[in-house]
Amino acid sequence: MSEPESTEVVTWRTDSPGVVVVTLNRAPANALGPPILDGLHSAFDAAEKAGDVKVMIVESALPGFFAAGADIKHLSAIDAGTFLAYGNRMRSVNDRLAAAPWISIAAVDGAALGGGLELAMGCTLRVCGHRAKFGLPEVKLGLIPGAGGTQRLPQLVGRGRALDIMLTARQVPADEALAIGLVDRRTDGDALAAALALAAEIVPSSLPAQLAVRRTVDAAFELPLAEGIAYEAAQEQALFTDGEAAEGITAFVEKRPPNFA
Ligand SMILES: CCCCCCCCCCCCC[C@H](O)CC(=O)SCCNC(=O)CCNC(=O)[C@H](O)C(C)(C)COP(=O)(O)OP(=O)(O)OC[C@H]1O[C@@H](n2cnc3c(N)ncnc32)[C@H](O)[C@@H]1OP(=O)(O)O
């Protein structure tokens with residue numbers, strides 16, 4: 001992914017070896033209609049084709065907005081079949097991010113509401129600036145967070161806080177988002193810069209091992225404890241026999257940085 005590439009409202013570029021920045025730019029609020037959904041899938045296709053992406057950062061070019069959710073203006077003009085089709089498209093974006101063969105970071109400097117927060121929660125990690133605000137206000141529209149929000153928010157902040165946020169449709173400011181675990185890093189500066197700094201902490205380690213960590217953490221929410229520990233053990237064994245552990249262990253003994261793929 002060396003040269004900047006783009007669709008109508010989503011661009012992507014390689015910032016540094018292994019680090020890709022995907023930028024949303026659909027005025028006025030990055031409403032998640034078909035142009036952005038299709039653009040995100042195109043960016044994922046390009047990253048998979050490149051085969052060298054270790055961290056993908058998703059950010060916004062629009063001041064004050066990360067993404068304001070599904071395109072409400074379109075919602076009033078579509079039938080149930082179209083609603084389902086585009087809901088599936090939105091869910092597929094978040095599910096693809098959550099299982100992608102790279103670590104993803106949402107860099108949020110503005111409003112991440114509804115589907116916008118669901119997009120950020122599809123990412124592995126979240127970084128925000130002090131102006132960021134988060135929420136799942138769908139009940140104000142007579143809807144529910146339908147792109148993974150009711151499933152992923154409780155995993156991040158717990159059942160009670162998730163219900164508080166969704167039932168009140170309130171906005172969560174940056175400081176509270178950090179305090180409750182909705183975001184992983186908060187900065188007084190630029191969210192993208194903070195996300196790039198986090199990416200620089202991630203890139204030197206083994207991506208296969210990091211993806212295995214993400215899989216086993218996700219399994220902890222799906223499996224009984226004993227089965228989860230067995231799954232973790234199987235992941236560990238596979239990394240030891242077929243992964244990059246030999247290089248990591250040898251590098252430590254030889255007192256040099258590991259040279260992972
Ligand atoms: C065929 C196409 C189909 C596309 C639809 C697909 C539907 C699939 C649904 C199934 C899956 C569900 C997924 C998800 O859970 C559902 C949702 O996300 S519902 C939406 C939730 N989001 C919101 O409710 C936020 C709405 N926005 C706001 O509350 C405010 O705009 C704000 C973000 C708090 C900012 O407020 P202000 O600073 O005052 O700015 P404005 O309100 O004036 O907004 C500026 C400008 O942007 C437009 N805009 C804002 N949000 C949206 C939006 N979500 N969709 C469309 N347009 C939006 C706003 O209208 C203003 O535009 P202008 O009037 O200036 O033209």
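Our structure's up above, just so we're on the same page.
Calculation criteria
- The numbering scheme is per chain: residues are counted from 1 as the chain's sequence reads.
- Local features in this predicted model are restricted to residues of pLDDT 70 or higher, and side-chain atom pairs are both shown and tallied only at a pLDDT of 80 or more, whereas totals for entire chains, interfaces and linings draw on every residue.
- Side-chain descriptors were evaluated using all non-hydrogen atoms of the structure, hydrogens and water having been removed beforehand.
- Per the convention used, a helix needs a DSSP run of H or I reaching at least four residues, while a strand needs a run of E reaching at least two, with both numbered from the N terminus.
- Residue burial is assigned from relative accessible area. The probe radius is 1.4 Å, only protein chains are included, and a residue is buried under 20% of its type maximum, exposed over 50%, and partly exposed in between.
- Only protein atoms enter the 1 Å grid, on which a cavity is a set of points fitting a 1.4 Å probe that cannot get out and a pocket is an open set with protein on both sides within 12 Å along at least 5 of 7 lines, lining residues being those with an atom within 4 Å of a point.
- Grid points are joined across faces, edges and corners, and a volume is the space filled by probe spheres set on the points.
- Any residue that is not Ala, Val, Leu, Ile, Met, Phe, Trp, Tyr, Cys, Pro, Asp, Glu, Lys or Arg is counted as polar, Gly included; the first ten are nonpolar and the last four charged.
- Domain boundaries shown here were taken from an automatic or database domain assignment.
- Note on aromatic contacts: the rings of Phe and Tyr and the six-membered ring of Trp form a pair at centre separations within 6.5 Å, being stacked when their planes are under 30 degrees apart, edge-to-face when over 60 apart, and tilted otherwise.
- The term salt bridge refers to a pairing of a side-chain nitrogen on Lys or Arg with a carboxyl oxygen on Asp or Glu at a separation within 4 Å.

Caption draft 1: Structural context of the environment of Ile249. As for its placement among the helices and strands, Ile249 is situated in helix α11 (residues 245-253). Taking relative accessible area as the criterion, Ile249 reaches 45% and is therefore assigned partly exposed. Spatially, the C-alpha atoms of Ile249 and Gly181 are 32 Å apart, while their sequence positions differ by 68 residues.

Caption draft 2: Local environment of the layout of surface pockets. Put simply, the largest pocket is a space of about 870 Å³. Along the wall of the largest pocket there are 39 residues; nearest its centre are Gly69, Ala70, Asp71, Ile72 and Leu75. At the level of elements, α1 (34-50), α2 (72-75), α3 (80-98) and α4 (115-122) are the ones that each hand at least two residues to the lining of the largest pocket. Quantified by volume, the second largest pocket comes out at close to 590 Å³. Every residue lining the second largest pocket is counted, 21 residues in all, and those nearest its centre are Cys123, Thr124, Arg214, Val217 and Asp218. In terms of residues, the lining of the second largest pocket owes the most to one element, helix α9 (residues 207-220), which gives 5 residues. Grouping the constituent residues of the lining of the second largest pocket by class yields 10 nonpolar, 5 polar and 6 charged. Of the residues that make up the lining of the second largest pocket, three or more belong to each of domain 1 (5-202) and domain 2 (207-253).

Caption draft 3: Here's a closer look at the packing of aromatic side chains. Taken as a whole and judged by the stated rule, the model has 1 aromatic pair. Here Phe44 and Trp102 contribute two aromatic rings whose centre-to-centre distance is 6.3 Å and whose plane-to-plane angle is 50 degrees, an arrangement assigned as tilted. With a gap of 58 residues between them, Phe44 in helix α1 and Trp102 in the loop between α3 and β6 (103-108) connect regions that are remote in the sequence. As far as the burial class goes, Phe44 and Trp102 line up, both buried.

Caption draft 4: Just the pattern of salt bridges, in detail. A complete count under the given rule lists 15 salt bridges for this structure. Of the charged contacts in the structure, one is a salt bridge between Arg89 and Asp38, with a shortest N-O distance of 2.9 Å. One end of the pair, Arg89, is in helix α3; the other, Asp38, is in helix α1, and 51 residues separate them in sequence. Among the residues examined, Asp38 registers a relative accessible area of 34% and is labelled partly exposed. Here Arg170 and Glu176 are joined by a salt bridge, their closest N and O atoms 2.7 Å apart. Classification of Arg170 by relative accessible area gives partly exposed; the value is 25%. One salt-bridge network, held together by shared partners, links Asp45, Glu48 and Arg96.

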